Amino acid sequence: MNVIGRTDPHAVHQDIYDAHPDWIMVDANGKKVRHWSDKDYWVTCALGPYNFDYMTRVTEEIVTLYKVDGIFSNRWAGSGMCYCEHCRENFRNFSHMELPATKDPQDPTRRQYTIWHEQRLFELWSLWDSRIKAINPNASYIANAGGGALSQLDMAKIGKIAPTLFADRQARRGLMPPWMNGKNGKEYRATLGRKAIAGIVSVGLEEEWRWKDSVQSGDEIKLWMVDGIAQGLRPWFTKFNAKPIDKRWLPVVEDVFKWHYANEKYLRNLDPLANVGLVYSQQTATFYGGPDAHAKVEDPALGFYQALVEARIPFEMVHDRLLDADHLKQFQTLVLPNIAALSARQCEQLTQYVETGGSIVATFETSLYDEWGKRRDNFGLTNLFGASFAGRLEGPMNNSYLNLEKDPDTGRYHPLLSGFEDATRIINGVHRAIVMPVNDGHTSPSPLTVVPTYPDLPMEAVYERTKETRDPGVFLRDVGKGRVVYFPWDLDRTFWEVLDVDHSKLMRNSILWAARVPQPLTIQGRGVLDVSVWSQQNSMTIHMVNLTNPMMMKGPVREIIPVGPQKVRVRVPQNKRVTEVHLLVAKADLSHRMLDGFVEVEVPSVALHEVVALDFQA
Ligand SMILES: [Zn+2]
């Protein structure tokens, strides 16, 4: 058993304020900041002597006296921008500038601040880790940090320096599907690889009003936990206030941990076997998204994530600073959901990836900006897209559509439009880039053409105005040994907003067409499942988390609605022979068929979670 000490340096009492007023955070108006939740406390500055000197000594004292294996600190990175005397002086020494008054990421002062702020926090991390290791070389500092595109500190760097990481997203709140917990796991693994990571799960409601002694519905607690487990997070439950006032959570947590222990050998994952990667980009969020990063950067990713879950396509997250051949060798297809800010080097890596047989699916402004969020004259990936930027964006667009076009040679729809056989028109997105085709002979005729926006009121005015040559709604290309699908509009973002089933199908089909080879896992049956497929030492597993629920997009769930049967077809790694197949939740054995390197089984029913485990011959 390892024991980890927890510190939380974000707030102090009045006596500390009186002794060291310069340790307290200062707001933009020059006022020291009281704690938002408890007015007896003051909020500290994270980047000055409180953390660098005082908390360093506190950390050393804990490690010396209590021999802990690590220190985990919560809320260590500040509570917003601080204007204290130390921040002003240190930033001036770094940049010869005053602290920025704007959040515009294109403002030179703001850019310098972003760089300085990140550098300062990594300095603090490194200071605490080195002081801990000087006392106990086997112990580490573990920051409560990291996440996806919207997180502050570069995950590629965290992946190198962190021995482990804990995803502190304790439960759902607001509108949030249960797969959000698994997404944490995928984001962490993208840069931490096989290092152990955990998902912190609370047993209570996590809404704005902070009922810290509450207990959620048991099924909701389990659903959140198992979705993390399915995507590689080790379970960790947390309970504020060690007094169990309402004990309903105890048997729920006990069940999950007992199951986890009983099936441990099938949960010691080596590698995920998915071959689709969904790219996330912190630099795009910071320098292109800025204050609008959620809408412009995260929402497109969430849209594609939801579409991939609906399509039951197993996939991983990929960090945009890890696009080298070694990190990408697992992937047949990469998805770039409006990954707008990419350096010339990153564009080169993606081009190389496609030339040598990888495929990409990209949307909207992908590669139109450099790594600092500065707009280019043309897409960095124009040669892959077969499209060049015509200098203009359009949107928000009301009432715009895409016509479905048959291939002029065959008179049939392209495989991108599979499932649309009875359709002639679907809705367009809300924003688009105006682009010109590059006529180099590698682009197929576009199966989608844009119907420009036309009036939506009054009723008698609602008709299409122009029938001129239509812009392509998608570019489909064979480039080198790979394939490229480029949608010059916000398909993924609009999907997250509207959830139109046509857009979901379009995203699914784009991946299946781009990949060229069958997916490693297909599961046929009713319902919404979050799936994953893993290898272990002498087995492989398929996780199915049943999200089919009227409370899928906003918890807590009331009951679990079982779905079944599910026909599972999974590719077995070469040179492996499957001896037995087990269901780890239903505790049953299944008969299986082997066909062309794939194993087929039928799972009678999935309640909240099922794991199909395939034993290999030793
Ligand atoms: Zn400060």
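A brief report on the enclosed structure follows.

Parameters at a glance
Residues numbered from 1 in each chain as written. Predicted model: local features only at pLDDT ≥ 70, side-chain atom pairs only at ≥ 80, totals over all residues. Heavy atoms only, no water. Helix = DSSP H or I, 4+ residues; strand = E, 2+ residues; numbered from the N terminus. Expected span 1.5 Å × (residues − 1). Bend = angle between axes of the 7 residues up to and from the residue. Salt bridge = Lys/Arg side-chain N within 4 Å of Asp/Glu carboxyl O. Buried < 20%, exposed > 50% of the residue type's maximum accessible area, 1.4 Å probe, protein only. Core = buried A, V, L, I, M, F, W, Y, C linked by side-chain atoms within 4.5 Å. Contact = heavy atoms within 4.5 Å. Donors = N, O, S within 2.8 Å, 3.2 Å for Na, K, Ca; no water. Lys, Arg positive; Asp, Glu negative; His and termini not counted. Polar contact = N/O pair within 3.5 Å; in protein donor to acceptor, adjacent residues only side chain to side chain. Pairing = 2+ DSSP bridges. Axes fitted to C-alpha atoms, helices over the stretch in contact; angles between N-to-C directions. 1 Å grid on protein atoms, 1.4 Å probe; cavity = no way out; pocket = protein on both sides within 12 Å on 5 of 7 lines; lining within 4 Å. Points joined across faces, edges and corners; volume = space filled by probe spheres on them. Nonpolar A, V, L, I, M, F, W, Y, C, P; charged D, E, K, R; others polar.

1. Description of helix H10 (residues 293–311)
Then, number 1: Taking 1.5 Å of rise per residue, the 19 residues of H10 would be expected to cover 27 Å, and the 26 Å separating its terminal C-alpha atoms lies within 8% of that figure.
Then, number 2: At Asp299, H10 shows its largest bend, some 35°, and a proline, Pro300, comes one to four positions later.
Then, number 3: Where H10 ends, the next residue or the one after it, Arg312, has phi of about 60°, a positive value.

2. With respect to the pattern of salt bridges
Should their charged atoms come close, side chains of opposite charge can pair.
Then, number 1: Taken as a whole and judged by the stated rule, the model has 29 salt bridges.
Then, number 2: The partner of Lys212 in a salt bridge is Glu206, and the shortest N-O contact between them spans 3.0 Å.
Then, number 3: The exposure class assigned to Lys212 is partly exposed, which follows from its relative accessible area of 22%.
Then, number 4: The salt bridge partner of Glu264 is Arg268, with a shortest N-O separation of 2.6 Å.
Then, number 5: Using a relative accessible area of 29% as the deciding quantity, one classes Glu264 as partly exposed.
Then, number 6: Using a relative accessible area of 52% as the deciding quantity, one classes Arg268 as exposed.
Then, number 7: Here the salt bridges share partners, and the residues they tie into one network are Lys183, Glu187 and Glu298.

3. Quick word on the nonpolar core
Generally speaking, a soluble globular protein has its nonpolar side chains buried in company with each other.
Then, number 1: Core analysis: the largest hydrophobic core is formed by 153 residues, its most contacted members being Trp76 and Trp125.
Then, number 2: By residue number, the principal contributor to this core is helix H4 (residues 108–135), which donates nine residues.
Then, number 3: If we skip the residues at most four places from it in the chain, Trp76 touches Pro9, Ala46, Asn51, Leu121, Leu124, Trp125, Trp128, Tyr141, Ala143, Asn144, Ala145 and Leu153.

4. Looking at the coordination of the zinc ion
Then, number 1: Around the zinc ion, the protein supplies Cys45 (SG), Cys82 (SG), Cys84 (SG) and Cys87 (SG) as donor atoms, at distances of 2.3 Å.
Then, number 2: Within one chain, the residues serving as donors to the zinc ion are arranged as C-x36-C-x1-C-x2-C.
Then, number 3: Exposure remark for Cys87: the relative accessible area of 1% places this residue in the buried category.

5. A closer look at the side chain of Asp530
Then, number 1: Tracing the chain through its elements places Asp530 in strand S22 (residues 529–535).
Then, number 2: One buried charged residue, Asp530, forms no salt bridge at all, with the nearest opposite charge on Lys186 at 4.9 Å.
Then, number 3: Of the polar contacts made by the side chain of Asp530, one reaches the side chain of Gln231; its length is 3.3 Å.
Then, number 4: Setting aside residues no more than four positions away along its own chain, Asp530 makes contact with Trp179, Asp227, Gln231, Val309, His543, Met544, Val545 and Leu547.

6. A word on the sheet that holds strand S21 (residues 521–524)
Then, number 1: Ordered in space as S21-S24-S28-S27, the four strands form an open sheet in which the pairing is antiparallel. Among the strands making up the open sheet, the edge pair consists of S21 and strand S27 (593–595). Each strand axis lies, on average, 20° off the axis of its neighbour in the sheet, ignoring direction.
Then, number 2: As paired strands, strand S24 (residues 566–571) and strand S28 (residues 598–603) are joined by six bridges and run antiparallel to one another. Looking at the pairing, Arg571 lines up with Phe598 of S28.

7. Some thoughts on empty space enclosed by the protein
Then, number 1: The final tally for this structure, using the stated rule, is four cavities of 30 Å³ or more.
Then, number 2: Size it by volume and the largest cavity reaches roughly 80 Å³.
Then, number 3: Lining the largest cavity, in full, are Gln170, Ser202, Val203, Gly204, Leu205, Glu206, Trp211, Lys212, Ser214, Thr238, Lys239 and Phe240.
Then, number 4: Split by residue class, the lining of the largest cavity holds four nonpolar, five polar and three charged.
Then, number 5: Counted as a void, the second largest cavity has a volume near 70 Å³.
Then, number 6: Looking at the second largest cavity, the residues that line it are Arg172, Arg173, Gly174, Leu205, Glu206, Glu207, Gln216, Glu220, Gly555 and Pro556.

Read these as geometric descriptors, not functional statements.
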